[in-house]
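Fold and contact review
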Amino acid sequence: MSDEPGPATTNIPDDVETPDELDPESHDSAVEEAAKRTPRGIPLRVDGLRKEFGGITAVDGASFQVEAGSLTGLIGPNGAGKSTTFNCITGVHTPTAGQVQFNGENITGLEPHEVANRGLVRTFQIARELEEMTVLENMMLAPKHQRGESVVRSVTPGLRRDVVSQEEELREEVWEMLEFFELDHIAEVEAGTLSGGQRKLLEMARALMTDPEMVLLDEPLAGVNPTLEEKLLERIHELREDGYTFLFVEHDMDIIMEHCEHIIVMHQGKVLAEGGADDIRNNEAVVEAYLGEDVS
Amino acid sequence: MSTDTEGRSRLVTDAGYIAGAMLLLYVVFLILGTLQGYPVAGIISSLQRVTFLVAVYGLAVLALNLHWGYAGLFNIGVAGFMAVGVYTSVMLTAPVGASPPGLGLPLPVGILGGMLAAALVGLIAGLPALRLRSDYLAIMTVAVSEIIRFTYNSNTFSQFTGGASGFDSIPPGPIRQLLLQDASSIISEPTPLGAAIFQFMEFSGIGWISLGRPDTINILSTLLIVVVLVLVYAFLVRAVNSPYGRVLKSIREDEVAAQSLGKNTSRFKLKTFMLGCALMGLAGIMWFGAIGQSSVYPNAFRPEITFYIFIALIIGGAGSNTGSVLGGALFAGLLFEAPPRVATILTDALGVTNAPDTIIGALGPIASGQLTPMLGFLLDNMSQLRFIFVGVLLIYLIQRRPEGLLGHRSEIAAATDLSVRPSQSKGGETDE
Ligand SMILES: Nc1ncnc2c1ncn2[C@@H]1O[C@H](COP(=O)(O)OP(=O)(O)OP(=O)(O)O)[C@@H](O)[C@H]1O
Ligand SMILES: [Mg+2]
């Protein structure tokens, strides 16, 4: 079940780079070696992003990139502009200036659904579970391009058969995902009754049901209790190994340092520093920005 | 376990609710009719009228439930869309020589045309408003509804709309066409089928009950509207028990969340708005264009009709199709139709004569211990006062039971039984 959810793109390097004549043993390690040496793709590029709300400049010319298959952390003090950056990337807000590219395509100013349908989905800092819908309904909503989203197909006797059969397939995937996130025992309750942590899990599981390539997580651990937190981080790592790319906002520095291979620090709407955990720890600007801040 | 049995058992429960409500209404009106000393035919015709109201309210409330109950679209211009439906259908089907003239097209063309026109007005109203915050839709729909009424009312277009008096003789409905050789005249020679049916209803048929032609035509026309209601209900139940219904619910709950999952919510909202408007047009055609009404005029579509429909939906429970029909039935029967009849009975029974015309005239005698004038005043004005009761009931409902009668049920929006787990579905295959 854990090998199930994974974007199709993960398989592409295997297919492309593996010469048929190599025997399976050496081919595996050769691919791994190649993967380590050759730079990975850059699905997300943010360039000079700027967002003003009236007089406030929430994001002030931020530029960064996210590598394919990485777990990249985005940190910064309160009000640094992290959530606004997410909102601008995913079309919830239109940026005042700057550009967002996803897989080489300029997606700046697209509608949220257009961004999501390109394989870039996000969760929200304050979970947006659909309260009066059950966990199952929340999950079943997510898969893209469902046949039964057309009224005509849903009501016409002959065509409804396809709607039903597709839903049966999706239902199976949904249950697997719920088991993966250990939400299956609450599948039939209304999402509004879930705990804060469960909502975060549900939101992430639901986002994954859209079959994305890259997921933006806005503080997925906020309000999640420590045992659940461990579980969630574990899940994120497992999924990353399946080929998903994550950009991950989190307040807890230690978690970011421990789990993210690449870290972007924002401060007052700008990217202050970027690099591995050690680079960030020793970066004076970062230390200064966080001075007096409670970063525990 | 399986969808089928679960769906079927819910269907049985829901049919039970509706049957129970209808039984209640029939008993109430049987008693009222008896108390008023109606002849049997009169009682039957009052039951027919209640059934008619239940059916047309049901149609309108179902359409509003699609908008507001499912997609959270706050349409407070229902009356306007009903008006467009019935006016268009009358304009299409009225004889060419009539005044105001029609196009003389067949009835099905008129019905489809009326629905289409209502959907198009929905498109025009929805296109700008649905992109904005939800309150804009409310303002837009109520404005459009009133503009429609004023337009039909205006002298400028009276050549086509009949102005304030509207169409005073609208084309006869399908039952008349089926039973009478000249459908426009009740005393015309009946068709062979008509002759048989009239004969049956008048003499032999149901023992001691004898019903004349108008009653027979009204009853059959009402049954036809009930059939339309059943079809629309079935259509909507199917439509929303599906991925489409899920998207609608998600728009109602949190549109940004739906968009962020890749749903083009603007498109869904616009389509759903147009579909609901078309159904409101259909409700208008059935309500004002079918029976009991021989004319269509602008002031039948005042905004209060919209509010009645909303109240019925709140009573029944927004989000539930069965609740919509139930709420429509209870509102139409108990709150709309019954109070004036009760008032008449009480006025007679208490022997209240020459009730004061004004509330001042009614209040004065209370000081001298006379309550009868006040009572008389209240009973005399029951048709207006019932809406105070409705208001009180509404406040009570919103505070005590905001989800209405059936809105609390979780009606899962899915084409299949989602609770079937992969492992279970393999085990449970045998009973399917
Ligand atoms: N919709 C909005 N309208 C006006 N100002 C906003 C809006 N959204 C964000 N801001 C402002 O923009 C700035 C950046 O906010 P943002 O939410 O992006 O910060 P953040 O880094 O996510 O902070 P936190 O860690 O608290 O979540 C803040 O000053 C905030 O008040
Ligand atoms: Mg934030």
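What you are looking at is a predicted structure, and each value in this text was computed from that prediction instead of being measured. (Residues numbered from 1 in each chain as written. Chains lettered and ligands numbered in written order. Predicted model: local features only at pLDDT ≥ 70, side-chain atom pairs only at ≥ 80, totals over all residues. Heavy atoms only, no water.)

1. Re the overall build of chain B
Helix and strand content of chain B: 18 helices and zero strands. Taken over the C-alpha trace, chain B has a radius of gyration of 24 Å; the compact-globule value for 432 residues is 22 Å, and the two agree within 12%. Dimensions of chain B, computed from C-alpha atoms along their principal axes, come out at roughly 70 × 60 × 55 Å. Surface summary for chain B: the accessible area is close to 19,300 Å², and the carbon and sulfur share equals 66%. For chain B, the distance from the average position of its 24 positive side-chain charges to the average position of its 24 negative side-chain charges is 8 Å. (Helix = DSSP H or I, 4+ residues; strand = E, 2+ residues; numbered from the N terminus. Rg over C-alpha atoms; globule rule 2.2 N^0.38 Å. Areas by Shrake-Rupley, 256 points an atom, 1.4 Å probe, with all protein chains shown as cover. Lys, Arg positive; Asp, Glu negative; His and termini not counted. Charge placed at Lys NZ, Arg CZ, Asp CG, Glu CD.)

2. Focus: the domain arrangement of chain A
Residue and element names in this part refer to chain A. The assigned domain composition of chain A is domain 1 (40–109 + 118–129 + 210–296) and domain 2 (132–193). Computed over C-alpha atoms only, the centres of domain 1 and domain 2 are separated by 30 Å. Between domain 1 and domain 2, roughly 790 Å² of surface is buried when both sides are summed, and carbon and sulfur atoms account for 59% of that area. Contact with domain 2 buries area across many residues of domain 1, yet Glu129, Thr210 and Arg235 alone supply 58% of it, more than any other trio. Linking domain 1 with domain 2 are two salt bridges, by the criterion used here. Lys231 serves as the salt-bridge partner of Glu182, at 3.0 Å between the closest nitrogen and oxygen. The tally of links between domain 1 and domain 2 comes to four residue pairs in polar contact (both at pLDDT 80 or more). (Domains from an automatic or database assignment. Buried area = accessible area lost by both parts, 1.4 Å probe. Salt bridge = Lys/Arg side-chain N within 4 Å of Asp/Glu carboxyl O. Polar contact = N/O pair within 3.5 Å; in protein donor to acceptor, adjacent residues only side chain to side chain.)

3. A short note on the site of ligand 1
All names here are of chain A. Lining the immediate surroundings of ligand 1 are Phe53, Ala58, Asn78, Gly79, Ala80, Gly81, Lys82, Ser83, Thr84, Gln125, Glu219 and His251. One nitrogen or oxygen atom from the side chain of Lys82 is found 2.8 Å from an oxygen atom belonging to ligand 1. Protein coverage of the free-state accessible area of ligand 1, which is 630 Å², stands at 65%. Sorting elements by how many residues they give to the shell around ligand 1 places helix α3 (residues 82–89) first, with three residues. Here the residues of the shell around ligand 1 are counted per class, giving three nonpolar, seven polar and two charged. (Near = heavy atom within 4 Å. Nonpolar A, V, L, I, M, F, W, Y, C, P; charged D, E, K, R; others polar.)

4. Here we look at the packing of helix α9 (residues 213–240) of chain B against helix α12 (residues 265–289) of chain B
Residue and element names in this part refer to chain B. Two elements in contact, α9 and α12, have axes separated by 11 Å at closest approach and are oriented at 170°. Taken together, the axes of α9 and α12 lie roughly antiparallel to each other. Contacts from Ile225, Val228, Val232, Phe235 and Leu236 of α9 reach α12 at Leu275, Leu279, Leu282 and Met286. Among the residues making up the contact of α9 with α12, the classes are represented as nine nonpolar, no polar and no charged. (Axes fitted to C-alpha atoms, helices over the stretch in contact; angles between N-to-C directions. Parallel < 35°, antiparallel > 145°, perpendicular 65-115°, else oblique. Contact = heavy atoms within 4.5 Å.)

5. Looking at the coordination of the magnesium ion (ligand 2)
Around the magnesium ion (ligand 2), the protein supplies Ser83 of chain A (OG) and Gln125 of chain A (OE1) as donor atoms, at distances of 1.9 to 2.1 Å. Highlighted residues: Ser83 of chain A in helix α3 and Gln125 of chain A in the loop between β6 (120–122) and α5 (135–141), separated in sequence by 42 residues. (Donors = N, O, S within 2.8 Å, 3.2 Å for Na, K, Ca; no water.)

6. A short note on the interface of chain B and chain A
Bring the parts together and some accessible area is lost; that lost area is often taken as the interface size. Contacts between the two partners involve 38 residues from chain B and, on the opposite side, 44 residues from chain A. Here chain B packs against chain A, burying approximately 3,600 Å² in sum over the two surfaces, 60% of which is carbon and sulfur. Summed over the three residues of chain B that lose the most area to chain A, namely Arg238, Arg246 and Leu261 of chain B, the buried surface amounts to 18% of that side. In this assembly, chain B and chain A are joined by seven salt bridges. Linking Asp184 of chain A and Arg421 of chain B is a salt bridge whose minimum nitrogen-to-oxygen distance equals 2.9 Å. Put simply, the parts of the chain that give the side of chain B that touches chain A at least two residues each are α9, α10 (243–253), α11 (255–260), α12 and α18 (422–427) of chain B. Of all the elements, α10 of chain B adds the most residues to the side of chain B that touches chain A, at eight residues. Here the residues of the side of chain B that touches chain A sort into 17 nonpolar, ten polar and eleven charged.

7. A word on the packing of aromatic side chains
Overall, the coordinates contain 18 aromatic pairs over all chains when judged by the stated rule. Where Phe81 of chain B meets Phe273 of chain B, the ring centres are 5.9 Å apart and the plane angle is 90°; that geometry is what we call edge-to-face. Placement of the pair is Phe81 of chain B in helix α3 (residues 78–93) and Phe273 of chain B in helix α12, with a sequence separation of 192 residues. Like Phe81 of chain B, the residue Phe273 of chain B is buried in the burial classification. Aromatic pair Tyr87 of chain B and Phe167 of chain B: ring centres 6.0 Å apart, planes at 70°, arrangement edge-to-face. A residue pair is termed long-range when its members are at least 10 positions apart, and Tyr87 of chain B in helix α3 and Phe167 of chain B in the loop between α6 (158–161) and α7 (174–179) qualify at 80 residues. Across the pair, exposure class does not vary: Tyr87 of chain B and Phe167 of chain B are buried alike. Its guanidinium or amino end placed over the ring of Phe180 of chain A, Arg235 of chain A lies 4.9 Å from that ring's centre, counting from NZ or CZ. (Phe/Tyr/Trp six-rings, centres within 6.5 Å; stacked < 30°, edge-to-face > 60°. Buried < 20%, exposed > 50% of the residue type's maximum accessible area, 1.4 Å probe, protein only. Lys NZ or Arg CZ within 6 Å of the ring centre and 35° of its normal.)

8. Thoughts on the confidence of the model for chain B
Residue and element names in this part refer to chain B. With 93% of its residues at a pLDDT of 70 or more, chain B has an overall mean of 86. Confidence drops under pLDDT 50 across residues 425–432; counting only partners more than four residues distant or on other chains, this segment forms three contacts. With a pTM of 0.87, the predicted complex shows an ipTM of 0.84. (pLDDT = per-residue confidence, 0-100.)

9. Remarks on helix α2 (residues 40–70) of chain B
Residue and element names in this part refer to chain B. Helix length check: α2 (31 residues) gives 42 Å between terminal C-alpha atoms against 45 Å at 1.5 Å per residue, within 8%. Roughly 35° is the biggest bend found in α2, and it falls at Leu64. Within α2, 24 of the 31 residues are buried, which leaves it mostly tucked inside the rest of the structure. Within two residues after α2, Gly72 carries a phi angle of roughly 70°, on the positive side. (Expected span 1.5 Å × (residues − 1). Bend = angle between axes of the 7 residues up to and from the residue.)

10. What to know about the pairing of strand β1 (residues 44–53) of chain A
All names here are of chain A. Examined bridge by bridge, β1 and strand β2 (residues 56–66) share eight bridges and lie antiparallel to one another. In the strand pairing of β2, Phe53 is matched with Ile56. Here β1 hands over to β2 after two residues, with Gly54 in that stretch at a positive phi of 55°. (Pairing = 2+ DSSP bridges.)

11. Points about the nonpolar core
Phe181 of chain A together with Met82, Trp287, Phe301, Ile309 and Phe331 of chain B are the most contacted members of the largest nonpolar core, which totals 147 residues. When we break this core down by domain, the ones giving at least three residues each are domain 1 (40–109 + 118–129 + 210–296) and domain 2 (132–193) of chain A. Dropping the residues within four chain positions of it, Phe181 of chain A is found in contact with Leu201, Met204, Ala205, Leu208, Leu232, Arg235 and Leu239 of chain A. By size, the runner-up hydrophobic cluster in this structure holds 25 residues, among which are Ala62, Val66, Leu74 and Met266 of chain A. (Core = buried A, V, L, I, M, F, W, Y, C linked by side-chain atoms within 4.5 Å.)

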